[in-house]
Amino acid sequence: MTEPDRTGPGAVLDGAARDARMPLRTLERENELVTVRAALEELTKVPGQGPAARGRRRGSLLAFTGPAGVGKTTMLSHVRDLADERGCVTLTARGGEREQHMAFHVLRQLFQPLLARCSQQEREELLGNWYEIVGLTLGLLPSGAGPAPDPQGVRDGLDWVVTHLATQRGPLVLLVDDAHWADAESLDWLAGFASRVEDLTLLITIAYRHDELPEEAAALGDVLERNPQRPMDLAPLTPVGIAQVMRDVLTGTTVGVDPDDEFCREAWVVTAGLPFRAVELAAKVRDRKLAPRQENIPVLRDMAAAIQDSGLADQLQRMSSQAARLAWAVAVLGNEAPEELAASLAGLGPADLPKAVEELRAGRILKHAETLEFQHPLVATAVYRAIPGGMRVAMHGEAAWELVAAGHGATSAARHLLETHPEGDEWVAGQLLEAAREYVRAGAPESARRCLERALREDPPPPLRAVVRYELGAPALLRDPLVTVHHLQAALAEPDLAPDLRVKIVIRLARALSHCDMLAEAARLMAEEAQVAGDSRIRLRLHTEHFMQAVFTADDDGAPARSRWLAQLAHRLTGRDRTERYLFGLRAWDAMVRGEPAEVALDFAERALGNGLRWTDEDWGFEVPSLVALTFLYCDRADMAEQMYSDGIAEYERQGWRGVHLSLGYTLLGYIRFRRGRLADGEDFVRAGLRLADRTGSRTHAHWYAAGALIEILITRGHVATAGELAVRHGFGGPFPSAVTIPDARTVHGRLLLAQGMHKEAAEDLAEVGRRLDARGMHNTVWCPWLSHLALATGATDEAHAQQLAEDALRRAQRFGTATAKGEALLMAARLEEDPRQRVETLRASVAEFARSPAEHEYADAQVELGAALRRAGKPHLAADHLYQGVELATRCGAEAVLTKARGELLGAGLRPRRLRVVR
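What counts, and at which threshold
- Residues numbered from 1 in each chain as written.
- Predicted model: local features only at pLDDT ≥ 70, side-chain atom pairs only at ≥ 80, totals over all residues.
- Heavy atoms only, no water.
- Helix = DSSP H or I, 4+ residues; strand = E, 2+ residues; numbered from the N terminus.
- Buried < 20%, exposed > 50% of the residue type's maximum accessible area, 1.4 Å probe, protein only.
- Contact = heavy atoms within 4.5 Å.
- Areas by Shrake-Rupley, 256 points an atom, 1.4 Å probe, with all protein chains shown as cover.
- Lys, Arg positive; Asp, Glu negative; His and termini not counted.
- Charge placed at Lys NZ, Arg CZ, Asp CG, Glu CD.
- Axes fitted to C-alpha atoms, helices over the stretch in contact; angles between N-to-C directions.
- Parallel < 35°, antiparallel > 145°, perpendicular 65-115°, else oblique.
- Left-handed = near helix turned anticlockwise from the far one by under 90°.
- Pairing = 2+ DSSP bridges.
- Right-handed = clockwise from strand over helix to strand, strands pointing away.
- Salt bridge = Lys/Arg side-chain N within 4 Å of Asp/Glu carboxyl O.
- Polar contact = N/O pair within 3.5 Å; in protein donor to acceptor, adjacent residues only side chain to side chain.
- Phe/Tyr/Trp six-rings, centres within 6.5 Å; stacked < 30°, edge-to-face > 60°.
- Nonpolar A, V, L, I, M, F, W, Y, C, P; charged D, E, K, R; others polar.
- Patch = residues over 30% accessible without salt bridge, like charges linked within 9 Å, V, L, I, M, F, W, Y side chains within 5 Å.
- Core = buried A, V, L, I, M, F, W, Y, C linked by side-chain atoms within 4.5 Å.

Focus: the overall build of the protein chain
A count of helical and extended segments in the protein chain gives 44 helices and five strands. Counting the 920 residues in the protein chain, one finds 58% classified as buried. Across the protein chain, contacts joining residues at least 24 apart in sequence account for 69% of those joining residues at least 6 apart. Taken as a whole, the protein chain presents about 37,800 Å² of accessible surface, with 50% of it coming from carbon and sulfur. Each charge class in the protein chain was averaged separately, 109 positive and 128 negative side chains, and the resulting centres sit 4 Å apart.

The structure is reproduced here in structure tokens:
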């Protein structure tokens, strides 16, 4: 068991109460302490069996709230003492009024002291596979190159690490004081993780001022209010409690007399019952040797005024200039200011510093502690506000310079630079830009945006200004797409852009325009830039990006011409670099969706793949690797598609991309497994993708993918009612997204309507899909099977037209040439065939094709259809063979709808269905 942590930012928790000259007392908090003891009892139960066993350990969440000075910090101190008595590992942190804009500041206070004491091997074991991501977030590793994790990835990593710590080193107690001043990133993590503590050996205790919680803490506030143990609102002390404080401090001291009742009563009035003020007032009375009697009440009132904000400012003015400057420096630097840095900022030499420190401690401005720390946050606030405005700004600027010079990094300096006024300083803009990059690497995009916006106000020279605007247009910082477009357009307008930077800005701007549905503007931008690009490689890069954006545009009248151009361009290339290989990937996808022979699409997909494609390249994106994998899927190389997506998911998880990217990864991996006939397995993965999508917001692109795939799987499995409920719950209906989705959202919606018996409505949806895709020259019946579903939807009312549609689907499938495509088209044609003999022959052909296809569940369906047709044709023994094969296949796939149909046919033939376990 690790020894309880007695060092670090929160080791000394309370100003007045921890003063070495004063006892620590908790008055009138009996009910709160009962709650704390009960929580610790649950946390430290003896597990297992035997007479000492008391059941499973349970964690909990406690919170203390109340106004400043009411004793929240003292309560946390008692929680710590009680936890230490029970052998818990206790980690502490405190929010700081001046540190609210330092991302993960509170979490770093919590975990850095413990992890810093560990050996490298121990740290790697504690952080596991999250070492590089969480290590960077917690400030244990320097900011490096490579893809930045998304905020969800950082939260997931922190969740795992804290869970692991609680399991391996627990019981674990986390104490967070002044949470109303915590940084937004720490608050966000606390809000998300707090609901999990009951299942861990972990107690989280938070203290905060309820009326000062910022907007960023709204989620945490909701969690605390919904918690079974509601926040404990600490009330001011009663007159009896304040009298006890006064007598504890003054009885038996040099004042010579004990406080009388009238004096104590007035102390309660002037302190409003707040313990901090009462302790400070008692200390002032003691130090002044004032007799605590009724006749000295007027003096008591004056002394009470002196411990308020204005009184503290007056007190500082009466101190030496060295002490005042040091107090200012500590106020500017924040919690536990480094002594050397504070001395430098205050302009104090080695001989002056000890005297100034002692003077501030004697005046009860600073604590009697190893570090430079104010007695109470109220004192820190009062001192900071007492600094003249111009001096305060100058000190922040000097602090930033000192921190950078001392090697503390740009993010440490950025907190101070954000407090300064813009003066056209290129160094300031450069430091803020570097801080923003570090924050992005740590998974804190909001902090990065704040730094970049402030850097822009510095009005740096054009080359640096273009870079700042480019960084503001990063996808990781996307909040308002139109604002992103504005920043990137302004960056592109800067003079004398370096060619490499210009092409990056153009590509990022085109993507932002597409995100805003300004597709024509994006296309025009790419075309114009390609025309003026002097370098042929840059021109090709821009063309590649243009093609990639066109892939995901659902309505594009220029698609046929662009496809011809892409085919001609790809034919001339050799694949010598990444640009050419990515263009091969786009050509592969385009050939597949157009329904060209599958051999053509596969050839380009394999040439694109080369030695592998990266999924987390921030300049190129994940789209082309995804399209190449899906090309393999629809060309009956599902094994290659599955391997690529498995590799992509592993790469996402290593890099901490656990938002939209991982959602799409799980969804499409599940869809691939579904296409291979592993329906239950596919459903599980798609549901995981949908859960991940839910964390990114509502009706996002990831939702359309996941909901569409899951609805299709549920229909295939025969769970039509469940599919309908899912569609309603997720708003899966018009208007459909303008971007391409996989599977196509409107086709899935039409298939759902068809399964629900709404043939007319289904036909309208599917016919619209056909008009849209045919106009773009997209004729692949496997990628988007709208023709087959439309044939079924119209079969009941217009058999001739339905057969025409089925014949068209078969022609397209034969041109594409894969076994799955031909098997599906033949199966649909057979269902619409009226001649029993011809139906059997068509089904035989379908079964033969599916026997060579990875689509095992469709193979099962075709076998059952063939068995049913043979039974009706008077060939029961032949029918039985196919029906039993269909049952085995459907059972293995988890295709309950096919299995139900097969069993019905077997019973109709007087045969006994085999008892097989369905995969669910």
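A few points about the packing of helix 23 (residues 481-492) against helix 24 (residues 499-515)
Think of two packed helices as two axes; the pair is described by the angle between the axes and how far apart they sit. It is at 9 Å that the axes of helix 23 and helix 24 come closest, and there the two elements cross at 155 degrees. Between helix 23 and helix 24, the angle falls in the class roughly antiparallel. You can see that helix 23 and helix 24 cross each other, and the crossing is left-handed. Contact with helix 23, carried on its side by P481, T484, V485, L488, Q489, A491 and L492, involves R502, I505, V506, R508, L509, A512, L513 and H515 of helix 24 and no other residues of that element.

A short note on the pairing of strand 3 (residues 172-177)
With six of six residues buried, strand 3 lies mostly within the body of the structure. Burial along strand 3 is two-sided: the face carrying L172, L174 and V176 and the face carrying V173, L175 and D177 are both buried. Pairing geometry for strand 2 (residues 89-94) and strand 3, over six bridges, is parallel. Within strand 3, the position partnered with T90 by the bridge is V173. The pairing of strand 3 with strand 4 (residues 202-208) spans five bridges and is parallel. Its bridge partner lying in strand 4, L172 is registered against L202. On the question of chirality, the crossover connecting strand 3 to the parallel strand 4 by way of helix 7 (residues 184-193) is right-handed.

Quick notes on the side chain of D636
Along the chain, the position of D636 falls in the loop between helix 30 (623-634) and helix 31 (638-655). Buried within the structure, D636 lacks any salt-bridge partner; its nearest side chain of opposite charge belongs to R675, at an N-O separation of 6.4 Å. Polar contacts involving the side chain of D636 include one to the side chain of T820, which spans 2.6 Å. Aside from chain neighbours lying at most four places away, what touches D636 is T818, A819, T820, S853 and P854.

Here we look at the sheet that holds strand 4
The five strands lie next to each other as 2-3-4-1-5, forming an open sheet whose pairing is parallel. In this open sheet, the two edge strands, each paired with only one partner strand, are strand 2 and strand 5 (232-233). Pairing of strand 1 (residues 60-65) with strand 4 involves six bridges; the strand directions are parallel. Paired with F64 across the strands is A207, a residue of strand 4. Packed onto the sheet, helix 2 (residues 72-85) meets strand 1, strand 2, strand 3 and strand 4 and runs at close to 170 degrees relative to strand 3.

Focus: the packing of aromatic side chains
Aromatic rings considered in pairs are described by the distance between their centres and by the relative angle of their planes. The full count for this structure, using the stated rule, is 12 aromatic pairs. With centroids separated by 6.1 Å and ring planes inclined at 85 degrees, the aromatic side chains of W615 and Y652 adopt a geometry described as edge-to-face. In this pair, W615 is assigned in the loop between helix 29 (598-609) and helix 30 and Y652 in helix 31, connecting sequence segments 37 residues apart. Taking relative accessible area as the criterion, Y652 reaches 2% and is therefore assigned buried.

Looking at the pairing of strand 4
Strand 4 sits mainly inside the fold: seven of its seven residues count as buried. Alternating positions in strand 4 separate into two faces, L202, I204, I206 and Y208 on one and L203, T205 and A207 on the other, with burial throughout.

A look at the environment of A490
On the secondary structure map, A490 appears in helix 23. Judged by its relative accessible area of 19%, A490 falls in the buried class. Taking C-alpha positions, A490 is 30 Å from A702, a pair spaced 212 residues apart along the chain.

A look at helix 38 (residues 786-795)
In an α-helix, one full turn covers 3.6 residues, which means residues spaced three or four apart are oriented alike. Here helix 38 lies mainly inside the structure; nine of its 10 residues are buried. Structurally, helix 38 contributes buried residues whose contacts are with helix 36 (745-755), helix 37 (759-775), helix 39 (799-816) and helix 40 (819-832).

Notes on the packing of helix 15 (residues 339-346) against helix 18 (residues 389-405)
Between helix 15 and helix 18, whose axes approach to 10 Å, the crossing angle comes to 135 degrees. By the angle class used here, helix 15 and helix 18 are oblique. Between helix 15 and helix 18 lies a crossing whose hand is right-handed. On helix 18, the residues touching L341, S344 and L345 of helix 15 are M395, E398, A399, E402 and L403. Class assignment for the residues of the contact of helix 15 with helix 18 results in five nonpolar, one polar and two charged.

Concerning unusual backbone geometry
Following G734, the chain continues to P735 via a peptide bond in cis, the omega torsion being -5 degrees. Structurally, P735 is set in the loop between helix 35 (720-729) and helix 36. At the junction of I742 and P743, the peptide bond is cis and its omega measures out at -5 degrees in the coordinates. Here P743 is to be found in the loop between helix 35 and helix 36. Positive phi values are uncommon outside glycine, yet D459 reaches one of about 50 degrees. Relative to the assigned elements, D459 resides in the loop between helix 21 (445-457) and helix 22 (462-472). Positive phi, close to 70 degrees, is recorded for D636, a residue that is not glycine.

Some points on the pattern of salt bridges
Evaluated as defined, the whole model comprises 64 salt bridges. Among the ionic pairs, D261 bridges to R247, the shortest N-O distance being 2.7 Å. Linking D261 in helix 10 (residues 261-271) with R247 in helix 9 (residues 239-250), this pair joins segments that are 14 residues apart in sequence. The exposed category is assigned to D261, whose relative accessible area is 56%. Of the residues examined, R247 reaches a relative accessible area of 28% and is grouped as partly exposed. With a closest N to O distance of 2.9 Å, E266 and R301 form a salt bridge. Of this pair, E266 sits in helix 10 while R301 sits in helix 12 (residues 297-306), and the two are 35 residues apart along the sequence. For E266, a relative accessible area of 13% puts it in the buried group.

A few points about a negative patch on the surface
Taken together, the side chains of D798, E799, E834 and D835 make up a negatively charged region of the molecular surface. Residue classification places E799 among the partly exposed positions, given a relative accessible area of 47%.

Topic: the nonpolar core
W589, M592, Y634, I711 and W783 are the most contacted members of the largest nonpolar core, which has 133 residues in total. With 11 residues, the single largest contributor to this core is helix 34 (residues 701-716). Setting aside anything within four residues of it in sequence, one finds W589 in contact with V551, L627, L630, T631, Y634, I742 and W783. Counting 97 residues, the second-largest nonpolar core is a separate cluster that includes F104, C118, I133 and A530.

Points about the side chain of S626
Here S626 is to be found in helix 30. For S626, a relative accessible area of 9% translates into the label buried. In contact with S626, other than residues within four places in its own chain, are W615, Y645 and L668.

So, the environment of F374
Within the element layout of this structure, F374 appears in the loop between helix 16 (352-362) and helix 17 (377-386). Overall, the relative accessible area of 8% leaves F374 in the buried class. Separated by 341 residues in the primary sequence, F374 and L33 place their C-alpha atoms 27 Å from one another. Leave out the neighbours within four places in its chain, and F374 touches A327, V330, A331, I365, L366, K367, V379, A380 and V383.

Some points on the environment of G349
For G349, the position within the fold is in the loop between helix 15 and helix 16. Judged by relative accessible area, G349 falls into the partly exposed class, the value being 25%. Along the primary structure G349 and Q322 are separated by 27 residues, whereas in three dimensions their C-alpha atoms are 9.9 Å apart.

Functional significance is not addressed by these values, which are geometric in nature.
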